[in-house]
Amino acid sequence: MSSRIPGHGGLVNSSKPLTFQFNGKELEGFQGDTLASALLANNQLLIGRSFKYHRPRGLVASGAEEPNGLVGLGEANSFEPNARATTTELFDGLVSCSQNHWPSLEFDIGYVNNYLSSLLPAGFYYKTFIHPRPAWKYIFEPIIRKSAGLGKPTKGKDPDKYEHFYAYVDVLIVGGGISGLYSAKVAAKSGARVLLIEQTPHLGGQASIDNPLIDQGSIAKWITELTKELEGMNNVTIKARTVGVGVYDHGYSLAYERLTDHELNLNGSRHRLWKIRAKQIITATGAIERPLSFANNDVPGVMLASAVRNYLTNYGVSIGDRTVVVTNNDDAYRTAISLKNAGLSVPLIIDSRPSGAGELAKTARDLGIRIENGKAISIVHGKDRVKGISLCDQVGSGTVLEEISCDAVAMSGGWSPVVHLWSHCGGKLNWDNELCAFRPDTQLPPTGVNGLACLSVVGSANGDLLIDDILRVTYEVTLRVIKELGLETNEAPLPSTKGIKENSISAVWKMPYGASTKLKSKTWLDFQNDVKVTDVELAAQEGFESVEHAKRYTTLGMATDQGKLSNINGLAILSESLHKDIPSVGTTTFRPPYSPISMGSIAGEARSELFQPIRKTPMHDWHDKHGAKWEPVGHWLRPYCYVQKGESVKQAVFREVTACRNKVGVLDASTLGKIMVRGKDSGKFLDMIYTNMMSNLKLGKCRYGLICSENGFLIDDGVVARIDENSYLCHTTSGGAENIHSMMEEWLQTEWWDFEVYVTNVTEQFSQITVVGENARRVLEKLGCSKICSDSLPFMGWVDEKVFGVDVRVYRISFSGELSFEISVPSNKGLFLWNEILSLEKEFGITPYGTEALHVMRAEKGFIMIGDETDGTVIPQDLGLDWALSKKKNDYIGKRAHQRLYMSNPERWKLVGLESTDGSVIPEGAYAIGLGENEVGQKVTIGRVTSTYYSPTLKKGIALGLVAYGPDRLGETIQFPTLTNSVVEAKIVSPIFYDPDGFKQNV
Amino acid sequence: MLLLNCPYCNLSCEETEFQAGGQAHLKRQSVGSSDQEFESYLFARKNPKGVHFERWQHVNGCGKWFHIARSTVTLEIFGSYSAQTLSPPKQIRVNINKKLPEWRWESSK
Amino acid sequence: MKRYSSFAIVREAFRNHSGWKKAWESPIPKKKYDVVIVGAGGHGLATAYYLGKNHGITNVAVLEKGWLGGGNTGRNTTIIRSNYLQDPSAAIYEKSRSLYENLSQDLNYNLMFSPRGVMMLAQTEHEVRGYKRTAMANALQGVPTEYISPEKVKELCPIINISGPRYPVLGALWQARGGTARHDAVAWGYARKCSDMGMHILQQKEVTSIISKNGRIGGVATTGGDILCDKLCIVVAGHSGALAEMGGFRLPLESVALQALVSEPIKPVMDVVVMANTVHGYMSQSDKGEMVIGGGADGYNNYTQRGSFHHIEETVRSLVETFPMISRLKMLRQWGGIVDMTGDRSPIISKTPLENCFINCGWGTGGFKAIPGSGWATAEMVASGEAGPLASPFSLNRFKEGRFIDESVAAGVAH
């Protein structure tokens, strides 16, 4: 059984016991434990079930590479599924549960899949569940979906907060092992600003477990002193619990810091996402040990040798009492030696190499450990935990030489450098036969904006496994990197070390070499996704020869560990099956993130109210207090209408329209785009921007203008006012201000840069209030305006006025068909003026109205609305706006486009008014049908509704629409099918429903 | 996330400060151009696997448009320059040739 | 070809699956084919398949510079829908969707087509109008869709927050017969069937130039030697520009990167596909349990096929707002695909200036759902030499004439 070993465990504090829960059981651990080590200390080896066969699974690793140890953490809305037990720090009150089983972890019905495994080879689902057709949707898929997936998430709202940090440094160092720490020292001594991040809570990495000698002292002391020295330097920042998750284009780096996951009820944000720009990046991300592929290598109790050593050394936990070590390299001997030194039994080291290990073998032998060279594990015995192994020769098919009883197996297939960050941004890899691993190809590094290397690799991430090489290369690489920054140092000399010489690894991709199909069908490559050697072989047999095909066909490496343990082993099996060498089969692409990061951290602070900025006019709070129903228009919020007590939204709109038509309405039109165009070439410029002529507009006058895209489509409209000889104020739609401003800038800067024109978006500088209705002039006069009689201010003119000492500009323009003034006032006086107008409410019957009433009134007048009558495919000619297309001008934006074949096609649908014959409102978006069907069986359409309203003024439904040959067909009726199988019949009429002679706006 | 150098601010800034504006050095075609010329002006775009001249605006900065030469494969940027030119300045071409001796400027027609 | 069935699996189980044949052969190329298709992605393979199935043309080679299905076919978010606004789009996507319904049976390959329903959320008044209009258009196009209320949205997808403070859900366009399929399987299923018809799928053969004489196609030169043909069809998505250049013509195309990501797998929480265009994000849950999330595209030309983080950030931010529960899930993997965008964001299925050379490209962000329909229509064009009714609106001429097919008008930006 797995248990705690007294006197061991450098990271745990046995005087600080903690209680936690696993599957409802109350268990005890120590401060410093991970959830994984604490579970092991409680002999909780079984921790989960695999994805496909629901086989019992125990921990395999001790870090981010762990494929099996996934648990649910926390409770209620703070629950997190699929948390890695190996990277979860234990705290008092931690609540955890296992996943993917029913009814319980110990007894899982899904295990039946294990007995059916021969029916469920790689890709079996592509070959079956085909008939009968509905069965997939209604039977098979629901079953598969239910049994797949891992944790069961909470469906509530996350109570936690998340944040983003930005960092700009000279050197980012990812990884706080000895190479990262030493690299940080070299860089920092040169004066560079250094940020060092480490994914675990502790610095020191693997070396602090193996404890090699350094400068004639212990490595632990060296690490402590170095850390202290770095922490004392003000150009160095060290962040633990922070994992480097991705390197993107031009070296943009992302790190993920877990701030509160290691304690209950810590205040502050849960996770912090770091966005880092470093002039140079150094990754010291270490290496990950590979499993060996032998039969039943997934039985709980089979673990990576380094993990066994880590649990023992750092946490004082043994996986078993009798541990067989199996390896193809020297490093695993350290595990055997550590176990033996802790008083545990190591019945055997199985070394697949005929010549065995070097110095470490001698040490092991001296401790009395039996070593068998050239041997292998044929099969592991046991179901829920290891009971023993069968020994066989590495060559051959696995004939059993000896049965050895044990309760744990420590395996080592060699080490794979963590090259993820190097690869994310395009760094290439080389296969190193000596190392049996991919290592960075330093000739083809990831490059930055200048095309030069932006990332370097040191330590075992670079494939250096001996401490002597690690530190020497770290020193050289770091000096080169700081030289790129124009820095140097000789204040961080290379420490003296003497690593233990090791014999070279020999590639062992399956154990034994000639394993029978029976053995291979029990030999796991990907523990979480249940991919076996036979699955990869089957993929190769069926022609899935590229590694991408094989991965996708078998799902190898697609689990939540992203193949950290399985990719190389799988690739090796694939290349063996194809009789090719590994480099020619290739490697798969590493994709960010290195380890999973919370969606919450990606979203950051921007949630709920802060999700997106809201643009508010100065009168916003007034609207809110007076029942505004809000409508988002771009980032603006505008009142759709003001709902009074006991009133429906519809009733409110009708009330507002009626008030405008009969008395006075006021509208907050501040969101209207306002672009000031100045300079001696302004007229010439606007003649290019607008389809109509603007240069001949008289001072004090306004003109309605259209703007098309270069592709000819109508994109915006609005009123232009000539302010003085060289300035025009261009009004745009509320949603269009930024676009039109940007369009003007673009043409000025990139095409007509010889024009002397300056454009400024002054939308937010001025509030605008529309006063509408036959009493409008009286309201303005009451406010003190004196120049607004129809002689001094005719329709489409403007004057400057003073209202209570405030400068205002009054435009006499109308979008409603009523007598109408728009009063423009500096924004800081917007609310003041609004209140002043509303103070006359009783006297004149003033009613504030919203966007919907505005829309109804403009539709009653047949005015087009950008976004309703236009949709990006409509040209001015379609809307009967030919009058606004200047014939005098040689050129304007969109003019050439209008000359194309299809733009002058007489079949284009044209604007008309539509009235249902029964007075009802024609449904929104309805299409008019013609005769029959087109050649692909669709009903022929001859037009569509673009705006449709109930007109409270005319007491009937009115609509605008685009209809083929519409203006020539006034008086005819056409059919609009609805979605309820009925048809609305509508008469084609003039688009101007109300006051066609324009009498009312001219009073 | 590209790093772009705004030649007006003379600052290297994150891509999110900018907006991309497509191929640079297009010659505007208008009234008088053939259908073919006008179609090319609006739609035919260079789409090289290699050096691409393109327009960017420092939209969340100074607001200026400028041009850059950028590899669409390595993302290396060979320089940025004023949008108020009809062809890339010599220095940019020299920078590109240092890396890609075979490369030649072809105006877009 | 060995038929796939449950029975076959049981039989094979007794002999350790040693009897499974290659899903597709790797034959020695012939000197000449009737038709050469460049690009063994979904669209290219589907074109080959329908050339054989519908037109009896099986002397066909499909050339692929990498591995079949290794491009965008295997990199998308697998959404299948046909609720498009414009008639030509609705026609081809609906053809495609209806072919998907029976494709597993047709190909004897389980593509896991899952018609679980697709909803497109309306979160502004503008979108409400756009989607109501689309529902109206769809009814006349023979595409069953409906405009549904926020309450119905909540009922179909309980994890949506319909009353978000910024963009409450006002309704949705719902296509019950839309859904998802297993993307790789589509390429593999077509490839297997094409190979079975005697067509040659030639992987790792990159076209280096196009052979033509007097403005007429003759064949292609490849890294594996010259291959002659009577007709050539280029179906290479983001790489179309380069091939067109070899053929001496230009295309209104730009290649940009589109971002996607998946979460860690979880037990089922949503049975529908949801697209939220106002906030630029879409999400579904795969059979494996991963939340599959699509996001925005870069605005600049890019061939790197790498993930870029700021688009992901924007997408996830929007989806956390729309689906608050995903906040505590974790992003497992992100990637980028290179999509080819045309001037009006609709595809091109067209003859080219080179006689007997055809092109199918420009699917942008919407290619996966179109694979069967696109293959069907392209095969028809290649076989007869003229575009049929499905393909003809998508000709290259439309750019000259100004006859665009613009889908962005119904507020639908993403596919």
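Small disclaimer: the values here were computed from a predicted structure and weren't measured.

Draft legend 1. How the structure looks around the side chain of H424 of chain A. All names here are of chain A. On the secondary structure map, H424 appears in helix α11 (residues 420-424). Since its relative accessible area comes to 6%, H424 is described here as buried. At 3.4 Å, the side chain of H424 forms a polar contact with the backbone nitrogen of V247.

Draft legend 2. Local environment of a nonpolar patch on the surface. Residue and element names in this part refer to chain A. A surface patch of nonpolar side chains, amounting to about 680 Å² of accessible area, comprises W102, F107, I109, V112, Y115 and L116. Along the chain, L116 falls in the loop between α2 (112-115) and α3 (124-127). On the basis of relative accessibility, which here comes to 36%, the residue L116 falls in the partly exposed class.

Draft legend 3. The interface of chain C and chain A, seen in detail. Counting from both sides, the interface comprises 113 residues of chain C and, opposite them, 121 residues of chain A. Of the roughly 10100 Å² buried between chain C and chain A on both sides combined, carbon and sulfur atoms contribute 57%. On the chain C side of the interface with chain A, the three residues burying the most area are L140, R166 and R328 of chain C, jointly 10% of the side's total. Here chain C and chain A share 13 salt bridges between them. Across the pair R306 of chain C and D249 of chain A runs a salt bridge, and its minimum N-O distance is 3.2 Å. Counting across the chain C and chain A interface gives 58 residue pairs in polar contact (both at pLDDT 80 or more).

Draft legend 4. Main features of the packing of aromatic side chains. Overall, the coordinates contain 52 aromatic pairs over all chains when judged by the stated rule. Consider the rings of Y182 of chain A and Y475 of chain A, whose centres lie 6.0 Å apart with planes at 25 degrees: the pair is stacked. Placement of the pair is Y182 of chain A in helix α5 (residues 178-189) and Y475 of chain A in helix α12 (residues 467-484), with a sequence separation of 293 residues. The pair formed by Y182 of chain A and Y475 of chain A is uniform in burial state, with each residue classed as buried. Positioned above the aromatic ring of Y84 of chain C is the side chain of R81 of chain C, whose terminal nitrogen or guanidinium carbon lies 4.5 Å from the ring centre. The positively charged end of R192 of chain C is found above the aromatic ring belonging to Y4 of chain C, 3.4 Å away from the centroid.

Draft legend 5. Up close: the side chain of R309 of chain A. All names here are of chain A. With respect to the helices and strands, R309 occurs in helix α8 (residues 305-315). By relative accessible area, R309 is classed as buried at 2%. If we ignore the near neighbours within four places in the chain, the residues touching R309 are Q206, I209, D210, D331, R334, T335 and S338.

Draft legend 6. Local environment of the pattern of salt bridges. Residues and elements named next belong to chain A. According to the stated counting rule, one finds 88 salt bridges over all chains in the structure shown. With a shortest N-O distance of 3.0 Å, D530 and R57 are connected by a salt bridge. Note that D530 is positioned in the loop between β31 (524-526) and β32 (531-532) and R57 in strand β5 (residues 56-58), a separation of 473 residues in sequence. Judged by its relative accessible area of 1%, D530 is buried. A salt bridge links E843 to K782; its shortest N-O distance comes to 3.2 Å. Here E843, found in helix α25 (residues 841-844), pairs with K782, found in helix α23 (residues 776-783); they are 61 residues apart in sequence, far enough to count as distant. By relative accessible area, which is 46% here, E843 ends up partly exposed.

Draft legend 7. Spatial organisation of the domain arrangement of chain A. Each assigned domain of chain A is listed with its residue range as follows: domain 1 (1-157), domain 2 (162-284 + 417-484), domain 3 (290-413), domain 4 (523-585), domain 5 (668-857) and domain 6 (905-1001). When each unit is reduced to the centre of its C-alpha atoms, the spacing between domain 2 of chain A and domain 5 of chain A is 58 Å.

Draft legend 8. Just the sheet that holds strand β5 (residues 65-71) of chain B, in detail. Residue and element names in this part refer to chain B. Pairing is antiparallel in the open sheet, where four strands are placed in the order β3-β4-β5-β6. Among the strands making up the open sheet, the edge pair consists of β3 (19-23) and β6 (77-82). Strand-to-strand, the axes of this sheet are offset by a mean angle of 30 degrees, without reference to chain direction. Of the pairings in the sheet, the one linking β3 to strand β4 (residues 51-57) comprises three bridges and is antiparallel in character.

Draft legend 9. Up close: helix α2 (residues 42-55) of chain C. All names here are of chain C. Taking 1.5 Å per residue as the helical rise, α2 with its 14 residues ought to reach 20 Å, and the 19 Å between its terminal C-alpha atoms agrees with that figure. Where burial is concerned, most of α2 is hidden: eleven out of the 14 residues are buried. Of all the residues in α2, the buried ones are G42, H43, G44, L45, A46, T47, A48, Y49, Y50, L51 and G52. Where α2 ends, the next residue or the one after it, G56, has phi of about 65 degrees, a positive value.

Draft legend 10. Broad picture of the packing of helix α3 (residues 87-107) of chain C against helix α9 (residues 367-384) of chain C. All names here are of chain C. It is the contact of α3 with α9, at a shortest axis distance of 7 Å, that shows an interaxial angle of 100 degrees. By the angle class used here, α3 and α9 are roughly perpendicular. Mapping the contact onto sequence places I92, Y93, K95, S96, L99, Y100 and L103 in α3 and F368, K369, A370, I371, P372, G373, S374, W376 and A377 in α9. The residue makeup of the contact of α3 with α9, split by class, is eleven nonpolar, three polar and two charged.

Draft legend 11. View of the interface of chain C and chain B. The interface of chain C with chain B comprises 24 residues on the first partner and 23 residues on the second. On the chain C side of the interface with chain B, the three residues burying the most area are R250, Y300 and Y303 of chain C, jointly 32% of the side's total. Where chain C packs against chain B, one counts nine residue pairs in polar contact (both at pLDDT 80 or more). Listing elements by their share of the side of chain C that touches chain B, those giving two or more residues are β12 (253-263), β15 (291-301) and α10 (398-401) of chain C. Broken down by element, the residue count for the side of chain C that touches chain B peaks at four residues, all from β15 of chain C. Classifying every residue of the side of chain C that touches chain B by side-chain character gives eight nonpolar, ten polar and six charged.

Draft legend 12. Geometry of the packing of helix α6 (residues 183-196) of chain C against α9 of chain C. Residue and element names in this part refer to chain C. Two numbers describe how α6 lies on α9: the axes approach to 11 Å, and their chain directions differ by 20 degrees. With respect to α9, the element α6 is oriented roughly parallel. Viewed along their axes, α6 and α9 form a crossing whose handedness is left-handed. Here H183, V186 and Y190 of α6 come into contact with α9, specifically with F368, I371 and P372. Taken together, the residues that form the contact of α6 with α9 break down as five nonpolar, one polar and no charged.

Draft legend 13. Examining the sheet that holds strand β38 (residues 702-708) of chain A more closely. All names here are of chain A. Spatially, β38-β39-β40-β37-β41 is the arrangement adopted by the five strands of the open sheet, whose pairing is antiparallel. Of all strands in the sheet, those with a lone pairing partner are β38 and β41 (758-761), marking the two edges. Taken over all neighbouring pairs, the strand axes of this sheet differ in orientation by 25 degrees on average, direction set aside. Here strand β37 (residues 673-678) pairs with strand β40 (residues 727-732) via six bridges, running antiparallel. Bridge pairing in β40 places I675 opposite C730. Taken strand by strand, helix α22 (residues 737-750) contacts β37, β38, β39 (714-724), β40 and β41, and its axis lies near 165 degrees from that of β41.

Draft legend 14. Highlighting the nonpolar core. Counting residues in hydrophobic clusters, the biggest one holds 244 residues, and the most contacted among them are F294 and Y311 of chain A together with Y109, M119, Y190 and F323 of chain C. The residues touching Y311 of chain A, leaving out its near neighbours within four places in the chain, are A36, S37, L40, L59, A61, S62, T86, M303, G316, V317 and I319 of chain A. Core analysis: the next-biggest nonpolar cluster, separate from the first, contains 59 residues, I689 and W752 of chain A together with F249 and L354 of chain C among them.

Thresholds, definitions, all that
Residues numbered from 1 in each chain as written. Chains lettered and ligands numbered in written order. Predicted model: local features only at pLDDT ≥ 70, side-chain atom pairs only at ≥ 80, totals over all residues. Heavy atoms only, no water. Helix = DSSP H or I, 4+ residues; strand = E, 2+ residues; numbered from the N terminus. Buried < 20%, exposed > 50% of the residue type's maximum accessible area, 1.4 Å probe, protein only. Polar contact = N/O pair within 3.5 Å; in protein donor to acceptor, adjacent residues only side chain to side chain. Patch = residues over 30% accessible without salt bridge, like charges linked within 9 Å, V, L, I, M, F, W, Y side chains within 5 Å. Areas by Shrake-Rupley, 256 points an atom, 1.4 Å probe, with all protein chains shown as cover. Salt bridge = Lys/Arg side-chain N within 4 Å of Asp/Glu carboxyl O. Contact = heavy atoms within 4.5 Å. Buried area = accessible area lost by both parts, 1.4 Å probe. Phe/Tyr/Trp six-rings, centres within 6.5 Å; stacked < 30°, edge-to-face > 60°. Lys NZ or Arg CZ within 6 Å of the ring centre and 35° of its normal. Domains from an automatic or database assignment. Pairing = 2+ DSSP bridges. Axes fitted to C-alpha atoms, helices over the stretch in contact; angles between N-to-C directions. Expected span 1.5 Å × (residues − 1). Parallel < 35°, antiparallel > 145°, perpendicular 65-115°, else oblique. Nonpolar A, V, L, I, M, F, W, Y, C, P; charged D, E, K, R; others polar. Left-handed = near helix turned anticlockwise from the far one by under 90°. Core = buried A, V, L, I, M, F, W, Y, C linked by side-chain atoms within 4.5 Å.

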